[in-house]
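Observations on the three-dimensional arrangement
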Amino acid sequence: MLYRNLGKPIFFKMDPEKAHHLVIGGLNKAALVPGGSAAMRLMYGVPETADLAVDLFGLHFPTPVGLAAGLDKNAEAVGGFSSIGFGFMEVGTVTPKSQPGNDSPRLFRLLPDEALINRMGFNNEGAEAMAQRLKVLKKRRIPVAVNIGRNKVTPNESAHEDYRQCIRTLYPYGDFFVVNISSPNTPDLRSLQHGSELSNLLAQVKEEMELQREKSGMAKSLLVKIAPDVSDTELEYMVHTLSEAGVDGVIATNTTLNREGLKSDKAGETGGLSGKPLRDRSTEIIRSIYRQTGGKLPIIGSGGIFTSQDAYDKIRAGASLVEIYTALIYEGPEVNRSLHAGLRQLLRRDGFRNILEAVGADHH
């Protein structure tokens, strides 16, 4: 209750982006203080349990709930986030060169909808800066995925060069990689999700991953993050292309441009919407991907997860892992213990011994 009664009232009086930077800086500093990580684990950590641990992508995930990309864009607070109950995290989106992103204000709270709108625009310090940060992390408590994108000034026909450069720079330091072609805040980026542009991009990225695997002797998985704003036909074609390209998994979904049913006076702001209004649509997309692939393409479910039931719905629809972002802003770090305890209860109720038995259960 500490966050709800003390932290949240303070943060929610601040400009959202300033509050964001304060949290990242605080988590970074807390992890550097002797005993800081242990204190955070004591307050907010989640003990690993056999029923919720997941082995996937050649990695061990102590819990199935991760942190979505966008919060720790520059891998500044990996130690802090690793200590508050997450089973994995994404850093980024990172681009080859640093860029400031879009003009402020660019992050908005929609309080009545328990949602956020952001139009950050891949603001980050660049791949080299991230590589230096990850390089000095001596011990990882959880898997860290690197979410990669293209620079704003790079045209789509050259986008593959940016993704390849990110992989070259960061391959030794990421545990797995996520190709972000679904942010609505970089012009024309989402058109890379469709048609020959998608298959050409994936061929290039897969080639780079293979080159780095040969060079390093370490195989690492490649996932693609997709948007929720696609028709059934577009989704079907996209999933077919992802499967044909041999990617290792998909993250469903990124933020939405849909504004249906919102109550907040900030609903008219441009950018990607995250939070509760996205919950049902992202679960629908997960269900469709699982059905189309017969459960053969692993899915990380993301979008609108606030409760253990929200997470469990995505797991039963076909997600092997899930991610949160907006819930952490609204509920605070206590949310991970709540999700973990609730998921264990739901598994027991339905007679599952392990979370992987529940993956895709709605289809059987």
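Residues numbered from 1 in each chain as written. Predicted model: local features only at pLDDT ≥ 70, side-chain atom pairs only at ≥ 80, totals over all residues. Heavy atoms only, no water.

1. Thoughts on the sheet that holds strand 6 (residues 115-118)
The strand order across the open sheet built from 3 strands is 5-6-11, with neighbouring strands paired in antiparallel fashion. Because the sheet does not close on itself, it has two edges, and the strands there are strand 5 (107-110) and strand 11 (272-275). Sheet twist, expressed as the mean angle between neighbouring strand axes with direction ignored, is 25°. Pairing analysis gives 4 bridges linking strand 6 to strand 11, with the strands arranged antiparallel. Its bridge partner being in strand 11, isoleucine 117 is matched across the sheet by leucine 273. (Pairing = 2+ DSSP bridges. Helix = DSSP H or I, 4+ residues; strand = E, 2+ residues; numbered from the N terminus. Axes fitted to C-alpha atoms, helices over the stretch in contact; angles between N-to-C directions.)

2. A word on the side chain of lysine 314
Mapped onto the elements of the fold, lysine 314 is located in helix 10 (residues 308-317). In terms of polar contacts, lysine 314 uses its side chain to reach the backbone carbonyl oxygen of glycine 303, at 2.9 Å. Apart from residues no more than four positions distant in its own chain, lysine 314 is found in contact with Arg279, Ser282, Thr283, Ile286, Gly301, Ser302, Gly303, Ile305, Ala319 and Val322. (Polar contact = N/O pair within 3.5 Å; in protein donor to acceptor, adjacent residues only side chain to side chain. Contact = heavy atoms within 4.5 Å.)

3. Comments concerning the side chain of threonine 326
Position of threonine 326 relative to the elements: it lies in helix 11 (residues 326-331). Of the residues examined, threonine 326 reaches a relative accessible area of 4% and is grouped as buried. Separated by 3.5 Å, the side chain of threonine 326 and the backbone nitrogen of glycine 275 make a polar contact. Apart from residues no more than four positions distant in its own chain, threonine 326 is found in contact with Glu114, Ala115, Leu116, Ser274, Gly275 and Phe306. (Buried < 20%, exposed > 50% of the residue type's maximum accessible area, 1.4 Å probe, protein only.)

4. Points about the UniProt feature "active site" (unreviewed entry) in the chain
Following the UniProt record, one finds the feature "active site" (unreviewed entry) at Ser183. With respect to the secondary-structure elements, serine 183 resides in the loop between strand 8 (176-180) and helix 7 (195-216). Using a relative accessible area of 7% as the deciding quantity, one classes serine 183 as buried. In this structure serine 183 touches Phe122, Leu189, Arg190 and Asn254, once residues within four positions along its chain are discounted. (UniProt positions renumbered as here; feature names shortened; annotations may be inferred.)

5. Section: the pairing of strand 7 (residues 144-148)
For a regular strand, side chains alternate in direction, first toward one face of the sheet and then toward the other. Taking burial as the measure, the 5 residues of strand 7 include 5 buried ones, the bulk of the element. Residue alternation in strand 7 divides its side chains into two sets, Val144, Val146 and Ile148 and Ala145 and Asn147, and both sets are buried. Two elements, strand 4 (residues 88-94) and strand 7, share 5 bridges in a ladder whose sense is parallel. Across the sheet, methionine 89 pairs through a bridge with valine 144, a residue of strand 7. Note that strand 7 and strand 8 share 4 bridges and pair parallel. Within the sheet, the bridge partner assigned to valine 146 lies in strand 8 and is phenylalanine 177. Of the crossover connections in this fold, the one passing from strand 7 over helix 6 (residues 159-170) to the parallel strand 8 is right-handed. (Right-handed = clockwise from strand over helix to strand, strands pointing away.)

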